[in-house]
Amino acid sequence: MSYLPLAYEAHDNSAGVDTDTGHASTLPVWGRLRIALLGYRSHPHVGGQGIYLHYLSKALVELGHEVDVISGPPYPELDARVRLIKIPSLDLYAHPNPTRALRLQHLLSFSDFYEWWSKLSGAFGEPYCFGRRLVKHFKRHAPHYDVVHDNQCLAYGLLALQKRGLKVVATVHHPITRDRDLALAAATDKGQRWLINRWYSFLSMQKKVVQELQHVITVSAQSQHDIEQAFARPAEKIQVIPNGVDTNIFKPLPEISRREFALITTASSDQPLKGLSILLRALAQLRTGFPQLQLTVIGKLKEDGDTQKELTALQLLDAVQFKSGISNQELVEEYARAAIAIVPSLYEGFGLPAAEAMACGVPLICSDGGALPEVVGEGARLVEAGNVESLVNALHELIGSAELRRQLGERGREHILQQLSWDCVGKKMQAFYFELLNQQGSR
């Protein structure tokens, strides 16, 4: 992958040094930066966006920079040294009755009304509305930042900030066109397809923004290729900087005993992309020979959703439990108790759950969907994405060999330590910031 080398260290009044060659860099050293990280919604435990903001902001603070996170609800959990600036929304997905969420004062706000109407009409208006509110915040408060770094919102508001002279960067973890296409493929009638296209109508905005932003980052070579295909931005204009893992938190807990027949996976919702259905069908087959098998899903089960119906049809209601809203420490403890972790995704632009499981030393079986082979390297057992039999065979092999599980768990942990710690990733991001600031002149 074309990851940016760890080329520059921040020291006032000194030359940058390329740590690969030991030679002085031609870039100026910028020292302490003021950085704004943006998230239109940043749930601290589900979906990955709040997790990315938490760890990236912490890594940048550790390098000596001043970092604000500007976010809509749900808000992230942040290091005490990072300031959270809240941009309120109607947060309709958390409202018990979205149709009644609109109040008289909201009619005075185009953003509020648009967010409400979008939800009622089947669209997803949060990113667009966050962009409008963000521009209003910058006009009202005129904050100074050396870098404004968006996390997957890709709203028109970013282009407005760029036109105002701000150095705007966006991370695109993967193009959401993949999610839409898989959802359309799983649709059973024209009505469902219409609703899916309506919900994903924000993609036209994201495509335009990705094409017009000066600086775009993604997290893997696979996503770099996919963004080029989906959004028509040349691959050479997309920088690859991977996600990272906090190896001080995500680590083995030898004081907790692994349960021989305990499996674990993550699934934020009933999304075909995550491949939970593949795992459930594999589990149903394996339970005939290993009735002790139990699966813990880190995520929330939707009432009357497709997953609940499938659990009933496969007679797995007593074999699968869902846990949501847990802390990182509780998640690490769940990994410590598990004998095997599984990431069955049909596609991942990166695959943070895979990296976190490996960091915890739990043996991992992982699909080859999207960027997952890049992320796991030789530290996981790969299976064909979407292939139930391939997953059954891999699980059968690992269930039957404690020694194979031990070796795989150790390899996974070592891979993460060497390649994907947040200390390493933070330095790569810092180097990218220095480079773009050098290209655009002194502040």
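Everything numeric in this text was worked out from a predicted model, so none of it was measured.

A. Spatial organisation of the pattern of salt bridges. Per the stated rule, a full pass over the model turns up 22 salt bridges. The shortest N-O distance in the salt bridge between Arg-133 and Glu-115 comes to 2.8 Å. Here the residue Arg-133 occupies a position in helix α3 (residues 126–141), and Glu-115 occupies one in helix α2 (residues 110–120), the gap between them amounting to 18 residues. Classification of Glu-115 by relative accessible area gives buried; the value is 3%. The shortest N-O distance in the salt bridge between Arg-337 and Glu-334 comes to 3.3 Å. Within this pair, Arg-337 and its partner Glu-334 are both found in helix α11 (residues 328–337), separated by three residues, close to a single helical turn. Here Glu-334 falls in the buried class, since its relative accessible area comes to 10%. Salt bridges sharing partners connect three or more residues here, namely Arg-32, Arg-34, Glu-66, Asp-68 and Arg-83.

B. Here's a closer look at the environment of Thr-312. Among the structural elements, Thr-312 can be located in helix α10 (residues 306–313). Taking the relative accessible area as the measure of exposure, Thr-312 reaches 47% and is therefore partly exposed. Each C-alpha atom, one on Thr-312 and one on Leu-182, is 23 Å from the other, the two residues being 130 residues apart in sequence.

C. Representation of the packing of helix α9 (residues 276–286) against helix α14 (residues 388–399) within the structure. Packing of α9 against α14 brings their axes to within 9 Å, and their N-to-C directions diverge by 55 degrees. One way to sum up the angle between α9 and α14 is to call them oblique. Relative to α14, the crossing made by α9 is right-handed. Of α14, the residues touching α9 (which contributes Ile-278, Leu-279, Arg-281, Ala-282, Gln-285 and Leu-286) are Val-388, Glu-389, Leu-391, Val-392, Leu-395 and His-396. Residues that form the contact of α9 with α14 fall into these classes: eight nonpolar, two polar and two charged.

D. View of the pairing of strand β12 (residues 364–367). Alternating positions in β12 separate into two faces, Leu-364 and Cys-366 on one and Ile-365 and Ser-367 on the other, with burial throughout. Bridge count for strand β11 (residues 340–343) against β12 is three bridges, and the pairing is parallel. If you follow Ala-341 over to β12, its bridge partner there is Leu-364. Taken together, β11, helix α12 (residues 352–359) and β12 form a β-α-β motif whose crossover is right-handed. Here three bridges tie β12 to strand β13 (residues 381–383), and the two strands are oriented parallel to one another. If you follow Ser-367 over to β13, its bridge partner there is Val-383.

E. Broad picture of the nonpolar core. If you look at the biggest cluster of nonpolar residues, it comprises 57 residues, and the most contacted ones within it are Leu-37, Leu-56, Phe-250, Tyr-335, Leu-364, Val-376 and Tyr-433. In this structure Leu-364 touches Ala-341, Ile-342, Val-343, Ala-354, Ala-357, Met-358, Val-376, Ala-380, Arg-381 and Leu-408, once residues within four positions along its chain are discounted. By size, the runner-up hydrophobic cluster in this structure holds 38 residues, among which are Leu-154, Leu-158, Leu-213 and Phe-231.

Definitions and limits used
- Residues numbered from 1 in each chain as written.
- Predicted model: local features only at pLDDT ≥ 70, side-chain atom pairs only at ≥ 80, totals over all residues.
- Heavy atoms only, no water.
- Salt bridge = Lys/Arg side-chain N within 4 Å of Asp/Glu carboxyl O.
- Helix = DSSP H or I, 4+ residues; strand = E, 2+ residues; numbered from the N terminus.
- Buried < 20%, exposed > 50% of the residue type's maximum accessible area, 1.4 Å probe, protein only.
- Axes fitted to C-alpha atoms, helices over the stretch in contact; angles between N-to-C directions.
- Parallel < 35°, antiparallel > 145°, perpendicular 65-115°, else oblique.
- Left-handed = near helix turned anticlockwise from the far one by under 90°.
- Contact = heavy atoms within 4.5 Å.
- Nonpolar A, V, L, I, M, F, W, Y, C, P; charged D, E, K, R; others polar.
- Pairing = 2+ DSSP bridges.
- Right-handed = clockwise from strand over helix to strand, strands pointing away.
- Core = buried A, V, L, I, M, F, W, Y, C linked by side-chain atoms within 4.5 Å.

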